[in-house]
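# Breakdown of the fold
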Amino acid sequence: MSAAAHTDSFLERAPLLARDFITGRLPEPARWTANTLITIALLLAAFGLLFAFLTLAERKILGRVQNRPGPNRTGWFGLLQPFADGVKMLTKEDLVPRASDQVLHYLAPVALLSLSIITFAVIPYGRHMVPVDLDAGVLYFFAAGSATELSIFMAGWASHNKYALLAAMRALAQLISYELPLLLSVVPVVLAAGTLSTSGIVDAQHGWAWGVVPRWNVFTPWGAAGFAIFFVSSLAESNRSPFDLPEAESELIAGHLTEYSGFKYALFFMAEYFGMCALSGMGVTLFLGGWRSPLAALEFIPSYGWFTLKLLALLGCFIWIRATLPRLRIDQLTRLAWKFLVPLALVNLGMAAFWALSAGWAGPLQLARWAVALAIVAVPFLLLGRRLSRGVAPRTYRYA
Amino acid sequence: MNAVLAVIALVTVASAAVALSRRNLLHSILILAGSWAGVAVFYFWAGSQFLAFAQVLVYLGAISMAALFAVLLTRHSRDDVAGASSHQRAVYAILTGIAVAAVLLAAVARTPLTVRPSAPPPLSVRELGYTLMGSHAAALLVVGVLLTVALIGAVVLAAGDPPDPKEGEP
Amino acid sequence: MLGIGLLQGLAVTARNFLGSFHGRSRYVTTEYPEERTQLPEAYRNFPFLVTESPEDPMGTLRCVACQICEKECPPQCIYIVKSRDKKPDATGKMQLYPAVFDIDTAVCMSCQICVEVCPFDAIKMDQVFEIAATDRFSGLLLNRNTLAKPNSYFHSLHPTDAAEVDGRLAAARKAAEEKARAAAAAKAAAAAKPQTPAAQSAQAPKPSPPAA
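Residue positions within a chain follow its written sequence, with the count starting from 1. Written order determines the labels here, with chains lettered from A and ligands numbered from 1. Restriction of local features to residues with pLDDT of at least 70 applies here, the model being predicted, together with a cutoff of 80 or more for giving and counting side-chain atom pairs; totals for whole chains, interfaces and linings are based on all residues.

## A closer look at the overall build of chain B
The criterion, for reference: To qualify as a helix, a DSSP run of H or I must reach at least 4 residues; to qualify as a strand, a run of E must reach at least 2; elements of each kind are numbered from the N terminus. Contact between two residues is assigned whenever their backbone-derived C-beta positions fall within 7 Å.
For chain B, the count of helices and strands is six helices and zero strands. Across chain B, helices and strands are ordered from the amino to the carboxyl terminus as α-α-α-α-α-α. Taking all contacts inside chain B whose residues are at least 6 apart in sequence as the whole, residues at least 24 apart take part in 52%.

Okay, structure coming up:
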């Protein structure tokens, strides 16, 4: 976190003032450590609570979509449900198979969770609220995210269960396949912003086009397509429906989590939800303008408030998609990644290059620029889609 | 400064040594991943963030996976993963190790490494990008072609034989 | 266009989500036990014995311990012990009554055969399902005290059936009364006639005519 500018509103500066108040009472050498510790504690508390209430929100929203209330017995509207679940997870017996690799079995959820949590460090939560402002922040985020895949393998291998191992292999294949479209959809953003730093990318999305439309990346042709690809890939990277083959109840028992019970199981789910929150946070930062407000009139809402709203909206979309779409098979999802998303992401990159090169076109040429850009991505989308779904869709049902 | 470097070096070399001594191949690979992480921390300490994160992304995220898949797909049973050891092998290993260490130490000792207290050059990602695309563009393109050829080769190998048109049709 | 199906699906779920906050069509849960659904009239679960008046349940049971239901019950969950003495029933006739009438609801399968075969409309189907007990054997064995429920309760459960039964029983009672009155009137008329020798000889003891 950096120092606040004095021109910001009080709400904007309030968290920083509070932090300075606390660290100001400590001697000078301890200030940086205290600052870091406060940041860490706040992040863990905030995302821990978000995780807890996200599980409840998911169950309630899924219930409402399915014409039933979600949990509403524990506390008002089921608000104590996450804590009841926590108690349940803590008090369950922790079974470890005797033939399993004890060290790896123990380390897998630990490694997964720690690597998922460190990705939170580079997301700008507010105007002056980046925990660590790295020059290569985006790369750091995806590097830490890709290192989590090793722990999934560890979980599957250490269980000494051939079904868990097979499922871990499938989960690994899914995660590796979707890394490519994820990273490729981010490259145009870096291209446009000229920096890998996350706060730099949010800074580059300032201003309003034609006075009304904010200059967020999602309102450009390459940003819209890139956001769609990023969104689908982040669904797959966090093992969410419709890509939740690794953890689905009807698939290979529980996949690589089969031999985990009690708190370790809870840690795996915590890591999954943290991954979801981190990827949503990164999506907000890269494509939706980060902490920027969409209208100049609404800037009285502080920047961290806007970030939270956008994050919750994306998480709501995750839950909405879970409520709607059926699960994909492993061959369907790998085919989607390699044959559909990767070519489209590459085409998107080319279109972003065209967009950057044609920045000088003005006046009526702007329309031509938009038309060409949209055509560059829409034509392969339609053609590839038609080609890949030939013989599969639309389904005709013949009744006996 | 030197203490930090010593710790990083110790972790890296020690995990590599432990990885080599393990009998279980998968344990070796996972401990070696720790060594690669140590190298990444070294790059970070030396001031190159980009290289550190690229090291994590490539080695811990991809190469470890490749090594694990290679071991799992080529071993028939769990017991096959551990290798057989023998006394003779240990002797030869130690001799070879001593020879390689001697060569490396001689090379390092002969090179004049004067340490000047100067600020590290600014190595932002932007500079890196300009250098790669500017003076080293040819190398970058060659590496790109190499990777593409490797990818195509992998796909061809993995695709297997085309299905026999005679079977499967009623 | 490609992808339209996905968006239509998302629209359907969104409509369900928003519709579940107003309107019963998209929110079909009844939150038991605070709310209960209205059971249909023909719903049945375990029998009960009908009594005419709630003040004296044991004295006004319609059941006359004929034991037909005990014999017809497929899982044999009814146990009846006849009384030694008789007491008058609703029409005034002296009838037996059940000293012991037990139904084991753990065994009863609610098939309604006992109701169908009862000639006295004494046993009818109840609609209770919240009689969970802590003891597997005696907790679910209902005796005649717990089984006896008044006719007003029967009306509240099965209005049409109860109305029909009441009508039938009232008609039977009226017919019995009519017959008794007609027999009394015929007897009185025969007693009031003048005594002719033919009538006197006709009045001599002779085998009684068959009952009317």
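Back to the write-up after that little detour.
## Things to note about the sheet that holds strand β8 (residues 148-150) of chain C
Residues and elements named next belong to chain C. The following threshold applies: For two strands to be treated as a pair, DSSP must find at least two bridges joining them. In this analysis an axis means a line fitted to C-alpha atoms, helices contributing only their contacting stretch, and an angle means the value between N-to-C directions, from 0 to 180 degrees.
Ordered in space as β6-β1-β8, the three strands form an open sheet in which the pairing is mixed. Every other strand in the sheet has two partners, leaving β6 (123-125) and β8 as the edge strands with one partner each. Direction aside, neighbouring strands of the sheet carry axes that sit 50° apart on average. By the bridge criterion, three bridges tie strand β1 (residues 47-51) to β8 in an arrangement that is parallel. Counterpart to Val 50 in the pairing with β8 is Lys 149.

## Brief notes about the sheet that holds strand β5 (residues 98-104) of chain C
Residue and element names in this part refer to chain C. Here three strands make up an open sheet; going across it, the order is β2-β5-β7 and the pairing antiparallel. Bordering the open sheet on either side are β2 (78-82) and β7 (141-142), each of which pairs with just one other strand. Alignment of β2 against β5, held across five bridges, turns out to be antiparallel. Across the sheet, residue Tyr 79 finds its bridge partner in β5, namely Asp 102.

## Examining the interface of chain B and chain A
Put simply, the rule reads: Under the grouping applied here, Gly and all other residues not named as nonpolar or charged are polar, the nonpolar ones being Ala, Val, Leu, Ile, Met, Phe, Trp, Tyr, Cys and Pro and the charged ones Asp, Glu, Lys and Arg.
Taken together, the contacts link 16 residues of chain B with 17 residues of chain A. Counting residues per element, the ones that place at least two in the side of chain B that touches chain A are α2 (25-45) and α3 (49-74) of chain B. With 11 residues, α3 of chain B is the single largest residue contributor to the side of chain B that touches chain A. When grouped by side-chain class, the residues that make up the side of chain B that touches chain A number 12 nonpolar, four polar and no charged.

## Remarks on the packing of helix α1 (residues 10-24) of chain A against helix α2 (residues 31-65) of chain A
All names here are of chain A. Inclusion rule: Our angle categories are set so that under 35 degrees counts as roughly parallel, over 145 as roughly antiparallel, 65 to 115 as roughly perpendicular, and the remainder as oblique. We call a crossing left-handed when the near helix sits turned anticlockwise from the far one by less than a right angle, and right-handed when that turn is clockwise.
Packing of α1 against α2 leaves a shortest axis separation of 9 Å and a crossing angle of 135°. If you check the angle between α1 and α2, you find them oblique. Helix-helix and strand crossings are classified by hand; for α1 and α2 the assignment is right-handed. Contacts from Arg 19, Ile 22 and Thr 23 of α1 reach α2 at Arg 31, Ala 34, Asn 35 and Ile 38. Its residues placed into classes, the contact of α1 with α2 shows three nonpolar, two polar and two charged.

## Side note on the domain arrangement of chain B
Applied cut-off: Domain delimitation follows an automatic or database domain assignment.
According to the domain assignment, chain B consists of domain 1 (2-86) and domain 2 (122-159). The distance between the C-alpha centroids of domain 1 of chain B and domain 2 of chain B comes to 24 Å.

## Remarks on unusual backbone geometry
Selection rule: Buried means a residue has 20 or more other C-beta atoms within 10 Å of its own C-beta, exposed means 12 or fewer, and partly exposed covers the counts in between; C-beta atoms are placed from the backbone.
Cis rather than trans, the peptide bond between Ser 241 of chain A and Pro 242 of chain A has omega equal to 0°. Mapped onto the elements, Pro 242 of chain A comes out in the loop between α8 (221-237) and α9 (263-287). Here the residue pair Tyr 32 of chain C and Pro 33 of chain C is connected by a cis peptide bond, since its omega of 0° sits within 30 degrees of zero. Within the secondary structure layout, Pro 33 of chain C lies in the loop between α1 (4-19) and β1. Its identity as a non-glycine residue notwithstanding, Phe 77 of chain A has a phi of 55°, on the positive side. Assessed through the 14 C-beta atoms surrounding it within 10 Å, Phe 77 of chain A is described here as partly exposed.

## Quick word on the pairing of β5 of chain C
Relative to β7 of chain C, β5 of chain C runs antiparallel, the two being bridged by two bridges. By the bridge assignment for β7 of chain C, Ile 103 of chain C is matched with Leu 142 of chain C.

## Remarks on the interface of chain A and chain C
Tallying the contact residues gives 13 residues for chain A and 11 residues for chain C. Its residues assigned to classes, the side of chain A that touches chain C comprises eight nonpolar, three polar and two charged.

## With respect to the environment of Ser 28 of chain B
Residue and element names in this part refer to chain B. When you line up the elements, Ser 28 lands in helix α2. We classify Ser 28 as buried; it has 21 C-beta atoms within 10 Å. Taking C-alpha positions, Ser 28 is 8.5 Å from Ala 16, a pair spaced 12 residues apart along the chain. Setting aside residues no more than four positions away along its own chain, Ser 28 makes contact with Ala 19 and Arg 22.

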